[in-house]
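Single-letter residue listing:
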Amino acid sequence: MAVIDRVIGRVVDYDERRGIVKIEAQYTDFATMCRREVKEVEITLLDSRPLSDKQRRSCYAMIREIAEWSGDTPEATKEILKLDFWCGELMQIAETLFSLSNAPMSIVAAFQSWLARFIVRNDVPTRKPMLDYVDDIQDYVYACLMNKKCPVCGKKADLHHVTAIGVGRNRDEIIHEGLEVLPLCREHHEFGIHMTSKEDFFKTYHLNGGIAADKTICRIYGIKARKEKSA
């Protein structure tokens, strides 16, 4: 029995009303388990749906963009990025590194979002708009908010309020936390969303709307958030 033992089981039953899942797993080292007085286990739910070709192509395309930007080969870049993602994001050991060809959908989907955030954070130039690469649109838009990048074109962006705040209201005084916002460059702000309805703008660029501003977003853009309640 290893210091951290991993066993793969399967869901055999669940009680939705009581919120209980029954899991059955094959295991043989009961002597060590008893000696260690094991009473609790940690369960990771693995998404067993098959990956789509689009997801794989998206990951490989973003890896190629990063490789060209970094000056390394796509294969070497892929292994470095996978290691960074696996050890940094999932805090797992490198010996269990995943393969894009057969990893669970949940892992590849998380890797896809991580690659998009890497590209936004590091100003990696891309041949195609990033919206063509990502499945989790909201995660990508939030990354753009954090880095003041337009999600449509990647240019420097200012904050646009999707939630109307009303004419004549003092923007320095109102609470922006919780309001729906987007980071948009001048072109897509003045000549995009302000020249059409927001519904048509979202449809044109395959956006799902804005993001509710949290305290981090308020701090980054210098706008007012709710005061923390004292204990």
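Scroll up for the structure.
Below: a short report on this structure.

Definitions and cut-offs
- Residues numbered from 1 in each chain as written.
- Predicted model: local features only at pLDDT ≥ 70, side-chain atom pairs only at ≥ 80, totals over all residues.
- Heavy atoms only, no water.
- Helix = DSSP H or I, 4+ residues; strand = E, 2+ residues; numbered from the N terminus.
- Polar contact = N/O pair within 3.5 Å; in protein donor to acceptor, adjacent residues only side chain to side chain.
- Salt bridge = Lys/Arg side-chain N within 4 Å of Asp/Glu carboxyl O.
- Buried < 20%, exposed > 50% of the residue type's maximum accessible area, 1.4 Å probe, protein only.
- Core = buried A, V, L, I, M, F, W, Y, C linked by side-chain atoms within 4.5 Å.
- Contact = heavy atoms within 4.5 Å.
- Expected span 1.5 Å × (residues − 1).
- Pairing = 2+ DSSP bridges.
- Axes fitted to C-alpha atoms, helices over the stretch in contact; angles between N-to-C directions.
- Phe/Tyr/Trp six-rings, centres within 6.5 Å; stacked < 30°, edge-to-face > 60°.
- Lys NZ or Arg CZ within 6 Å of the ring centre and 35° of its normal.

Let's talk about the side chain of Thr77
If you trace the backbone, Thr77 turns up in helix α3 (residues 74-89). A distance of 2.8 Å separates a polar atom in the side chain of Thr77 from the backbone oxygen of Thr73.

Side note on the pattern of salt bridges
All chains considered together, the criterion is met by 14 salt bridges. In this structure, the salt-bridge partner of Lys78 is Glu75, at a minimum N-O distance of 3.4 Å. Here the residue Lys78 and the residue Glu75 both occupy positions in helix α3, the gap between them amounting to three residues, near one helical turn. When its relative accessible area of 47% is taken as the criterion, Glu75 is described as partly exposed.

Quick notes on unusual backbone geometry
You will see that Asp123, though not glycine, has its phi angle at about 55°, which is positive. In this fold, Asp123 is placed in the loop between α4 (105-121) and α5 (137-147). Here Asp123 falls in the exposed class, since its relative accessible area comes to 52%. With a phi angle near 60°, His206 is a residue other than glycine that sits in the positive phi range. Position of His206 among the secondary structure elements: in the loop between α7 (198-204) and β5 (211-212). Under the relative-accessibility criterion, His206 is labelled exposed at 59%.

What to know about the nonpolar core
Core analysis: the biggest nonpolar cluster contains 49 residues, and Leu81, Phe98, Phe111, Leu115, Met130, Tyr140 and Leu207 have the highest contact counts within it. Secondary structure elements with two or more residues in this core: α2 (53-70), α3, α4, α5, β4 (180-184), α7 and α8 (215-221). With nine residues, α4 is the largest single contributor of residues to this core. Apart from residues no more than four positions distant in its own chain, Leu115 is found in contact with Cys59, Met62, Ile63, Ile66 and Leu81.

Considering the environment of Ile223
For Ile223, the position within the fold is in the segment after α8. Ile223 sits in the buried class, given a relative accessible area of 19%. Taking C-alpha positions, Ile223 is 6.8 Å from Asp172, a pair spaced 51 residues apart along the chain. Look past the residues within four positions of Ile223 in its chain and what remains in contact with it is Leu159, His176 and Cys218.

Considerations on α4
Between its first and last C-alpha atoms α4 spans 24 Å; for 17 residues at 1.5 Å apiece the expected length is 24 Å, and the two agree. Of all 17 residues in α4, 12 are buried; the element is thus mostly enclosed. Looking only at α4, the buried set comprises Met105, Ile107, Val108, Phe111, Gln112, Ser113, Trp114, Leu115, Ala116, Phe118, Ile119 and Val120. The secondary structure elements touched by the buried residues of α4 are α2, α3 and α5.

Brief notes about the sheet that holds β5
The pairing of strands in a sheet happens through backbone hydrogen bonds and is either parallel or antiparallel. Across the sheet, three strands lie side by side as β3-β4-β5; this open sheet has antiparallel pairing. Whereas interior strands pair on both sides, the edge strands pair on one side only; in this sheet they are β3 (158-161) and β5. Summarising the sheet, β3 and β4 pair through four bridges and their orientation is antiparallel. Residue pairing for β4: Asp158 is matched across the bridge by Leu184. Packing of α5 onto the sheet brings it into contact with β3, β4 and β5, and relative to β4 it is tilted by some 65°.

Some points on the packing of aromatic side chains
Using the criterion set out here, one finds eight aromatic pairs in the structure. Here Trp69 and Phe118 contribute two aromatic rings whose centre-to-centre distance is 6.0 Å and whose plane-to-plane angle is 80°, an arrangement assigned as edge-to-face. One end of the pair, Trp69, is in helix α2; the other, Phe118, is in helix α4, with 49 residues separating them in the sequence. For Trp69, a relative accessible area of 38% translates into the label partly exposed. When its relative accessible area of 13% is taken as the criterion, Phe118 is described as buried. Aromatic rings pair up to connect Trp69, Phe85, Phe111, Trp114 and Phe118 into one cluster. Its guanidinium or amino end placed over the ring of Tyr221, Lys148 lies 5.3 Å from that ring's centre, counting from NZ or CZ.

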